[in-house]
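Summary of structural features
Here are the chains, one letter per residue:
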Amino acid sequence: MESKVQTIGVLTSGGDAPGMNAVIRAVVRSALSKGLKVKGIERGYAGLLDEEIKDMDSKSVSEIIQRGGTILGTARCMEFMSDEGKMKGAEICKKHGIDGLVVIGGDGSFKGAARLAYFGINTIGVPGTIDLDIPCTEYTVGFDTAVNTAMEAIDRIRDTSTSHERCSIIEVMGRHAGYIALWCGIGNGAEDILLPETYDNNEQALIEHIIALRKAGKKHHIIINAEGVGDSMNMAKRIEAATGIETRATIIGHIQRGGTPTAVDRLHATMMGAYAVELLAAGKSKRVVCFREGKYCDYDIQEALGMTKTLDPFMIQVSKEMTR
Ligand code: F6P
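Residues numbered from 1 in each chain as written. Predicted model: local features only at pLDDT ≥ 70, side-chain atom pairs only at ≥ 80, totals over all residues. Heavy atoms only, no water.

**Things to note about the domain arrangement of the protein chain**
Domain assignment breaks the protein chain into domain 1 (7–142 + 261–305) and domain 2 (147–257). Counting from both sides, the interface comprises ten residues of domain 1 and, opposite them, nine residues of domain 2. Regarding the contact of domain 1 and domain 2, the summed buried area is about 830 Å², with carbon and sulfur atoms giving 53% of it. If you sort the residues of domain 1 by the area they bury against domain 2, Ile 130, Asp 131 and Leu 132 come out on top, with a joint share of 54%. For the interface between domain 1 and domain 2, the tally reads two salt bridges. The partner of Arg 257 in a salt bridge is Asp 16, and the shortest N-O contact between them spans 2.7 Å. Counting the contacts that link domain 1 with domain 2 gives one residue pair in polar contact (both at pLDDT 80 or more). Looking at side-chain class alone, the side of domain 1 that touches domain 2 contains four nonpolar, two polar and four charged residues. (Domains from an automatic or database assignment. Contact = heavy atoms within 4.5 Å. Buried area = accessible area lost by both parts, 1.4 Å probe. Salt bridge = Lys/Arg side-chain N within 4 Å of Asp/Glu carboxyl O. Polar contact = N/O pair within 3.5 Å; in protein donor to acceptor, adjacent residues only side chain to side chain. Nonpolar A, V, L, I, M, F, W, Y, C, P; charged D, E, K, R; others polar.)

What follows is the structure, encoded as structure tokens:
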């Protein structure tokens, strides 16, 4: 079947995530295998408006599947927020012969993609964020690597926490969502997990839990605190004052965003990138690639943006059972 587009543009937007490079590689190589041209747009929508656009060939994506970050760079762009900015972006795509665009990023990036579609450019979103907070999909590229990076860091903190018989509060990323915190909390065997979705600010209960486990002989007390709850440094001071147990806070921060992607991220990234090209070649637009119930599928971007998702209640129940 003949492709409905001839030249595919690809950009990464918003916060970078391990595996974004693997998506770029998949987009380029899938498109080339269909006889299409590919153009890489640097620095996200900002680079589009500045016409930082370059031809991509198979060699230009060699040696990147294993690299964190994004070879195209990424940015947050104020000018693109306005409709004039998006119209300008669509015109620049047309000027460079780009009739199909793959946008790798999060919800904010997809809003821009939907509007570009309205202005005549076929666009497809691929979920790339460590936060796992895109409701239409059960997987977002970068999540597995970020969780594993955080988990390793937390294991190390646990070693020293046990030696010194301390309480350790470890803050992980996730913006307003608690996915990284919940997965690390379970995977690291934390004594407490504070999630923005469920934490009731009952610090007294937390303090009593720390004291009770210390009396029962626990030599450390690991609290995984999600970024969406925050306040880790002050929380550590308050807990130390209330319990008499030395308490330290660590914010893992951007270490979680970098590093070589795991096999899970490379696989999903490659499949989702290739899927995006299939959609464009079939003449589809304003869709977001998703992974649901073990399969790749796609949703209308607008519909996807209206969806909500919640943390798995069974995971939350189990996480509590493990911290008794
Ligand atoms: O969305 C990814 C993320 O790392 C969030 O977890 C975090 O809240 C945010 O980006 C940090 O953004 P920045 O890199 O702009 O500080």
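We are not done yet, so read on.
**Notes on the pattern of salt bridges**
Counted according to the given criterion, the structure contains 19 salt bridges. The shortest N-O distance in the salt bridge between Glu 52 and Arg 43 comes to 2.7 Å. Among the residues examined, Arg 43 registers a relative accessible area of 32% and is labelled partly exposed. Across the pair Glu 246 and Arg 166 runs a salt bridge whose closest N-O atoms are separated by 3.2 Å. Of this pair, Glu 246 sits in the loop between helix H8 (232–243) and strand E9 (247–251) while Arg 166 is found in the loop between helix H5 (143–164) and strand E6 (167–172), placing the two residues 80 residues apart along the sequence. By relative accessible area, which is 15% here, Arg 166 ends up buried. (Buried < 20%, exposed > 50% of the residue type's maximum accessible area, 1.4 Å probe, protein only. Helix = DSSP H or I, 4+ residues; strand = E, 2+ residues; numbered from the N terminus.)

**What to know about the side chain of Ser 161**
Note that Ser 161 resides in helix H5. Exposure remark for Ser 161: the relative accessible area of 2% places this residue in the buried category. The contacts of Ser 161, once residues within four sequence positions are left out, are Arg 166, Cys 167, Ser 168, Lys 219, His 220 and Ile 222.

**What to know about the packing of helix H6 (residues 179–187) against helix H11 (residues 313–321)**
Viewed as axis vectors pointing N to C, H6 and H11 meet at an angle of 40°, and their least axial separation amounts to 10 Å. When the interaxial angle is binned, H6 and H11 end up oblique. For the pair H6 and H11, the sense of crossing is left-handed. Listed contacts from H11 to Leu 182, Trp 183 and Ile 186 of H6 are Met 315, Ile 316 and Ser 319. A breakdown of the residues in the contact of H6 with H11 according to their chemical character gives five nonpolar, one polar and no charged. (Axes fitted to C-alpha atoms, helices over the stretch in contact; angles between N-to-C directions. Parallel < 35°, antiparallel > 145°, perpendicular 65-115°, else oblique. Left-handed = near helix turned anticlockwise from the far one by under 90°.)

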